[in-house]
Amino acid sequence: MFLRNAWYVAALDIELEDGLMPVKMLNERIVLYRKTDGGPVALEDACVHRKLPLSMGRIKGDNVECAYHGMTYDGSGQCVRLPCADRIPKGARVRSYPIVSRYGLLWVWMGDARLAQPSAIFGVDHYGDPSWGITRGDAMTVDCNYLYMTDNLLDPSHVAWVHPGSFGNAACESETVQVKADPTGVTAFRWMREVDVAPIYVPFVRFSGVCDRLQHYEVRYPSHALIKAVFVPSGAGGPEAEHHESAFVMDSYNFLTPVDEQHTRYYWFQMRNVLPDDPQASRLLADGVRSAFEEDRVILNAVQQGFATTHSPNIDIAIDSAPLRFRRRLRQLIDRERDARAEPHAT
Ligand SMILES: [Fe+2]
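Below is a short write-up of the structure.

Bringing the coordination of the iron ion into the picture now. Within the first shell, the iron ion binds the protein through His158 (NE2), His163 (NE2), Asp296 (OD) and Asp296 (OD), at distances of 2.0 to 2.4 Å. For the iron ion, the four donor atoms are set out with angles of 57 to 152 degrees between them, so the coordination reads as irregular. The exposure class of Asp296 is buried, given its relative accessible area of 6%.

Turning to the packing of aromatic side chains, a few remarks are in order. According to the stated counting rule, one finds 23 aromatic pairs in the structure shown. Centroid distance Tyr103 to Phe269: 6.3 Å. Interplanar angle 50 degrees. Geometry classified as tilted. On the criterion of sequence distance, the pair formed by Tyr103 in the loop between strand 10 (99-102) and strand 11 (105-109) and Phe269 in strand 19 (residues 263-272) is long-range, its members being 166 residues apart. For the pair shown, Tyr103 and Phe269 are each scored as buried. Geometrically, the ring pair formed by Tyr221 and Phe326 is stacked, given 4.8 Å between the ring centres and 20 degrees between the ring planes. Taken together, the positions of Tyr221 in the loop between strand 16 (211-220) and strand 17 (224-233) and Phe326 in helix 4 (residues 321-342) put the pair 105 residues apart, joining distant regions of the chain. An aromatic cluster of three or more residues is present, and its members are Phe167, Tyr201, Phe204, Phe231, Phe248, Tyr266, Trp268 and Phe293. Positioned above the aromatic ring of Phe189, the side-chain terminus of Lys180 is 5.0 Å from the ring centre. The ring of Phe122 carries Arg220 above its face, with NZ or CZ at 4.0 Å from the centroid.

If you add up the space inside the largest pocket, you get close to 550 Å³. Along the wall of the largest pocket there are 20 residues; nearest its centre are Asp151, Val303, Phe307, Asn314 and Asp320. Only helix 1 (146-153), helix 3 (279-309) and helix 4 provide two or more residues apiece to the lining of the largest pocket. Residue classes in the lining of the largest pocket are distributed as 11 nonpolar, three polar and six charged. Of the voids in this model, the second largest pocket is the one considered here, and its volume is about 470 Å³. Together, 21 residues line the second largest pocket, and Leu3, Asn5, Ala6, Tyr221 and Pro222 are the ones closest to its centre. Breaking the lining of the second largest pocket down by element, the ones donating at least two residues are strand 11 and helix 4. Per-element accounting of the lining of the second largest pocket gives the leading share, four residues, to helix 4.

Rules used throughout
All residue numbers refer to positions counted from 1 along the written sequence of the respective chain. Reporting in this predicted model follows two pLDDT cut-offs: at least 70 for local features of residues, and 80 or more for side-chain atom pairs to be given and counted; totals over whole chains, interfaces and linings ignore these cut-offs and use all residues. Side-chain measures were taken over the full set of non-hydrogen atoms in the model, leaving aside hydrogen atoms and water. In this listing, donors mean N, O and S atoms no farther than 2.8 Å from the metal, or 3.2 Å for Na, K and Ca; water is missing from the atoms, so a site can look incomplete. The rule is simple: four donors are tetrahedral if all their angles sit between 85 and 135 degrees, four are square planar and six octahedral if opposite donors span more than 155 degrees and the others lie between 65 and 115, and anything that fits none of that is irregular. For each residue, the accessible area found with a 1.4 Å probe, counting protein chains only, is set against the maximum for its type, and the residue is called buried under 20%, exposed over 50%, and partly exposed in between. Classification of ring pairs uses Phe, Tyr and Trp, with its six-membered ring standing for Trp, and accepts pairs whose centres are within 6.5 Å; under 30 degrees between planes counts as stacked, over 60 as edge-to-face, and the remaining range as tilted. Working definition: helices are DSSP H or I runs of at least four residues, strands are E runs of at least two. Numbering for both runs from the N terminus. Consider the ring centre and the ring normal. A charge sits over the ring if Lys NZ or Arg CZ is within 6 Å of that centre and within 35 degrees of that normal. Any residue with an atom within 4 Å of a point lines the site, the site being either a cavity, points on a 1 Å grid over the protein atoms alone where a 1.4 Å probe fits but cannot get out, or a pocket, an open set with protein on both sides within 12 Å along at least 5 of 7 lines. Grid points are joined across faces, edges and corners, and a volume is the space filled by probe spheres set on the points. Just so you know the grouping, Ala, Val, Leu, Ile, Met, Phe, Trp, Tyr, Cys and Pro go in nonpolar, Asp, Glu, Lys and Arg go in charged, and all remaining residues, Gly too, go in polar.

In structure tokens, the structure reads:
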């Protein structure tokens, strides 16, 4: 079950080079390519004739030619050439998807193209701000349903057990998580007071001694997250802490693209308010994040398998409050979208 009227990341911008790139998103096969001006195109990856994947074909200028009989489509999906025939059949058109390049990512709108608004793409604060540093974007495939990942991204507590060498430490075991929701999504958060700085953040924190630490885990519909970490000297935590003169802030952006019901493509990058032009700092953070996300992948793959092979009931616990709230609301949005699609046919 997927929300279709939404932007999802199809690829890192740098992944799409000169060739045809097949991707699978929300159980649909799409081919990506670039026109001669570099602009990206996203088309249904199936010729109207015999359904051969267009990704097996060739790029011809701004168009793509099917490898089977040379049927050629332009960037709008319209067939513009049909060799060995007098005319192009009516309806010889493949679906084209709205596609936008932003933040080094290619975003594809999977629903009704008339509703696609680039302004609805997830906002990234400080992007392009020279006083903020950024890690290179990265990606991985996780062999689980995307909702196990939204569960994880609404669960600040798991860092104590899954990431003790990076995001977590003993301080993360006890403080209660709070939850808030608005029309865009759900946030699980907590301030931890007088705690040690967790390992991955130590090279970036500019004060010594214990800290107050915010974990802000926000997931917005359909499946995109801002994980904000704030560290300030002990006693300075609170709503204005982010602006404290020695605050270390890391905003981790996490974008989930369901491949199908059992696989998710995971894209991310991080913004930080220190060491903006320090490639070594970026590399250190990028490598640390990558290995922490590999720890998540091990857990999430196993959770998918656990649910697939176990028939005893699952017990929800206190930390599931935010994930369950997110799942309930997303389900409503998906149902509403499906009902709206069905309406024109109902009499
Ligand atoms: Fe994690």
